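What follows is the residue order along each chain.
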Amino acid sequence: MKPGIHPTYRPVVFRDRSADFAFLTRSTATSDTTVEWEDGNTYPVIDVETSSASHPFYTGTQRIMDTAGRVERFERRYGPGRRSR
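Residues numbered from 1 in each chain as written. Predicted model: local features only at pLDDT ≥ 70, side-chain atom pairs only at ≥ 80, totals over all residues. Heavy atoms only, no water.

Undergrad: Which parts of the structure should I look at to understand the overall build of the protein?
TA: The secondary structure content of the protein amounts to two helices and four strands. If you list the helices and strands of the protein from N to C, you get β-β-β-β-α-α. Relative to its full complement of 85 residues, the protein shows a buried share of 15%. Restricting the contact set of the protein to residue pairs at least 6 apart, pairs at least 24 apart contribute 33%. (Helix = DSSP H or I, 4+ residues; strand = E, 2+ residues; numbered from the N terminus. Buried < 20%, exposed > 50% of the residue type's maximum accessible area, 1.4 Å probe, protein only. Contact = heavy atoms within 4.5 Å.)

Below, the structure is given as structure tokens:
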């Protein structure tokens, strides 16, 4: 790698405020705000909107689409027998 052209790769805390969840990892992301981590060191912190602690896919709270209800609603709206075959 050429020296001086790559961003600094360092420890960064990513924090999901909606789930009160944070994790320490390495990244090139930068931030002006810092947080004191569990080990006593201060790291830059990046606030994210969604993480594995709050995303519906990972938490098991995702909604399943009711396809039968959609077909019934279509038939009520446009009448039976109008579906393409």
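Undergrad: Mind showing me how you'd approach the sheet that holds strand β3 (residues 34-36) here?
TA: Note on sheets: strands pair through backbone hydrogen bonds, and any given pair is parallel or antiparallel. Strand order in the open sheet formed by four strands is β2-β1-β4-β3, with mixed pairing between adjacent strands. Of all the strands in the sheet, just β2 (21-27) and β3 have a single pairing partner and so form its edges. If you compare each strand with its neighbour and ignore which way they point, the axes differ by 45 degrees on average. Alignment of strand β1 (residues 10-16) against β2, held across seven bridges, turns out to be antiparallel. Residue pairing for β2: Asp-16 is matched across the bridge by Phe-21. (Pairing = 2+ DSSP bridges. Axes fitted to C-alpha atoms, helices over the stretch in contact; angles between N-to-C directions.)

Undergrad: Is there a simple way to think about a positive patch on the surface in this case?
TA: On the surface, Arg-70, Arg-73, Arg-76 and Arg-77 cluster together into a patch of positive charge. Tracing the backbone shows Arg-76 in helix α2 (residues 67-78). What makes Arg-76 exposed here is its relative accessible area of 65%. (Patch = residues over 30% accessible without salt bridge, like charges linked within 9 Å, V, L, I, M, F, W, Y side chains within 5 Å. Areas by Shrake-Rupley, 256 points an atom, 1.4 Å probe, with all protein chains shown as cover. Salt bridge = Lys/Arg side-chain N within 4 Å of Asp/Glu carboxyl O. Lys, Arg positive; Asp, Glu negative; His and termini not counted. Charge placed at Lys NZ, Arg CZ, Asp CG, Glu CD.)

Undergrad: Before we go on, may I ask you to explain the pattern of salt bridges in this structure?
TA: For the structure on display, the rule yields two salt bridges. Between Asp-47 and Arg-15 there is a salt bridge; the shortest N-O distance is 2.7 Å. Pair noted here: Asp-47 is in strand β4 (residues 42-48) and Arg-15 is in strand β1, with a separation of 32 residues, a long-range link. Salt-bridge contacts for Asp-47 lead to Arg-17; the nearest nitrogen and oxygen are separated by 3.5 Å. Taken together, the residues Asp-47 in strand β4 and Arg-17 in the loop between β1 and β2 connect sequence positions 30 residues apart. If you follow the salt bridges from partner to partner, you end up with Arg-15, Arg-17 and Asp-47 in one network.

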